[in-house]
Amino acid sequence: MTQDELKLAVARAARDYVADRLPVGAILGVGTGSTANFFIDEIAAIKDRLGGTVASSEATAKRLAGHGIRVLDLNDVDAIGIYVDGADEIDHGMAMVKGGGGALTREKIVAAVADTFVCICDASKRVDVMGRFPLPVEVIPMASAYVARELAKLGGTPRVREGMITDNGNLILDVHGLSITDPVGLETRINQIVGVVTNGLFAGRGADVLLLATAGGVKTYTR
């Protein structure tokens, strides 16, 4: 199967998961990225069941609205039943590296509100130790050089993502060369660096459900 075929398969599985488990009229959180885009296209078929959606980026909000799916501000909802999003890497403890699309902060906020986080990705994203994919860190622009020096002390090589300004008006440093053996500890340590908005480790609040697309079909894992 091609990469797009795998993404489509897992997007359809996620649509069915939402249709089966999200109460009619409840709020759905929707992530950002290529796999999430497939999911958005699929949930257009069940949009009348949804009370609305909360988008994790401006791009996601635009795609949802293009399908006539109601998009709400997070401050206007009391709860999100399910949040569906992809990952750049996910380990066997359901911790993830996210932020390849630059929406890590809003993704992390929506995930924090959601009752259930469903990660959707293909088998190439599941790893024993994360770090092969550079870890994104969103930073306040004036602090980027300082934060880069602090991140280098952790053993990685930070690089400013060229041409990228987040929806929040910030920069992203991609940290290369890490071997993430303690995701929760590293997430906490990086977030304590002054000038960091957040980092792309989703470990303190990892995925509850993983829908993993493989050549043999979509497999389901739970934490």
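Every value quoted in this text rests on a predicted model; they were computed, and no experiment measured them.

## Observations concerning the nonpolar core
Counting residues in each nonpolar core, the largest one holds 26 residues, and the members touching the most others are Val18, Leu28, Phe39, Ile43 and Val84. Taken together, the elements giving at least two residues each to this core come down to α1 (3-21), β1 (27-30), α2 (34-43), α3 (58-66), β3 (80-85), β6 (114-122) and β12 (209-214). If you tally residues by element for this core, the top one is α1, at 6 residues. With sequence-adjacent residues up to four places away left out, Val18 is seen in contact with Leu28, Phe39, Ile46, Leu50, Ile82 and Val84. Among the nonpolar cores identified, the runner-up in size contains 22 residues, and Val139, Ile180, Ile193 and Ala203 belong to it.

## So, the side chain of Thr53
Secondary-structure assignment places Thr53 in strand β2 (residues 52-55). At 2.7 Å, the side chain of Thr53 forms a polar contact with the backbone oxygen of Arg70. Once residues lying within four places of it in the same chain are set aside, the contact partners of Thr53 are Ile27, Leu28, Val30, Leu64, Ile69, Arg70, Val71 and Leu72.

## Observations concerning the sheet that holds β12
Spatial ordering of the open sheet is given by β2-β1-β3-β6-β12-β13, a layout of 6 strands whose pairing is mixed. Of all strands in the sheet, those bounded by a partner on one side alone are β2 and β13 (217-222). In this sheet, neighbouring strand axes are inclined to one another by 20 degrees on average, regardless of whether the strands run parallel or antiparallel. For β12 and β13, the ladder comprises 6 bridges, and the chain directions are antiparallel. Within β13, the position partnered with Leu212 by the bridge is Lys219. Along the sheet, α1 contacts β1, β3, β6, β12 and β13; its crossing angle with β12, the most-contacted strand, is approximately 145 degrees.

## Here we look at the pairing of β1
Residue alternation in β1 divides its side chains into two sets, Ile27 and Gly29 and Leu28 and Val30, and both sets are buried. Pairing of β1 with β2 involves 4 bridges; the strand directions are parallel. From the neighbouring strand, Gly29 faces β2, where its bridge partner is Val54. The parallel pair β1 and β2 is bridged by α2, and the resulting crossover is right-handed. As defined by bridge partners, β1 adjoins β3 across 3 bridges and the pair is classed as parallel. Following the sheet pairing, Leu28 is matched in β3 by Ile82.

## A few points about helix α5 (residues 144-152)
Taken as a whole, α5 has its buried residues at Ser144, Val147, Ala148 and Leu151. For α5, the buried positions fall inside an angular range of 105 degrees around the axis, keeping them on one side. Residues of α5 that are buried in the fold lie against β7 (135-139), β8 (157-160), β9 (171-176), α6 (183-191) and β10 (196-199).

About the thresholds
- Numbers given to residues run from 1 along each chain, matching the order in which its sequence is written.
- Note on the predicted model: pLDDT of at least 70 is required for a residue's local features to be given, and 80 or more for side-chain atom pairs to be given and counted; whole-chain, interface and lining totals, by contrast, use all residues.
- With hydrogens and water set aside, each side-chain value is computed from the structure's full complement of heavy atoms.
- What is meant by a nonpolar core is a set of buried Ala, Val, Leu, Ile, Met, Phe, Trp, Tyr and Cys residues, joined one to another through side-chain atoms within 4.5 Å.
- Each residue is assigned to one of three classes by its accessible area relative to the maximum for its type, calculated with a 1.4 Å probe on protein chains only: buried under 20%, partly exposed between the two thresholds, exposed over 50%.
- A helix here means a DSSP run of H or I that spans at least four residues, while a strand means a run of E at least two residues long, and both kinds are numbered starting from the N terminus.
- Contact criterion: two residues are considered in contact whenever any of their non-hydrogen atoms come within 4.5 Å of each other.
- What qualifies as a polar contact is a pair of N or O atoms within 3.5 Å, subject to a donor-acceptor requirement within protein and to the restriction that residues adjacent in sequence count only when both atoms come from side chains.
- Should DSSP find at least two bridges between two strands, the strands are regarded as paired.
- For every element, the axis is a line fit to its C-alpha atoms; helices are fit only across the contacting stretch, and the angle between N-to-C directions ranges from 0 to 180 degrees.
- Note on handedness: a crossover is taken as right-handed if, strands pointing away from the viewer, the path from the first strand over the helix to the second is clockwise.
- When we speak of the arc, we mean the arc of directions from the helix axis to the C-beta atoms.

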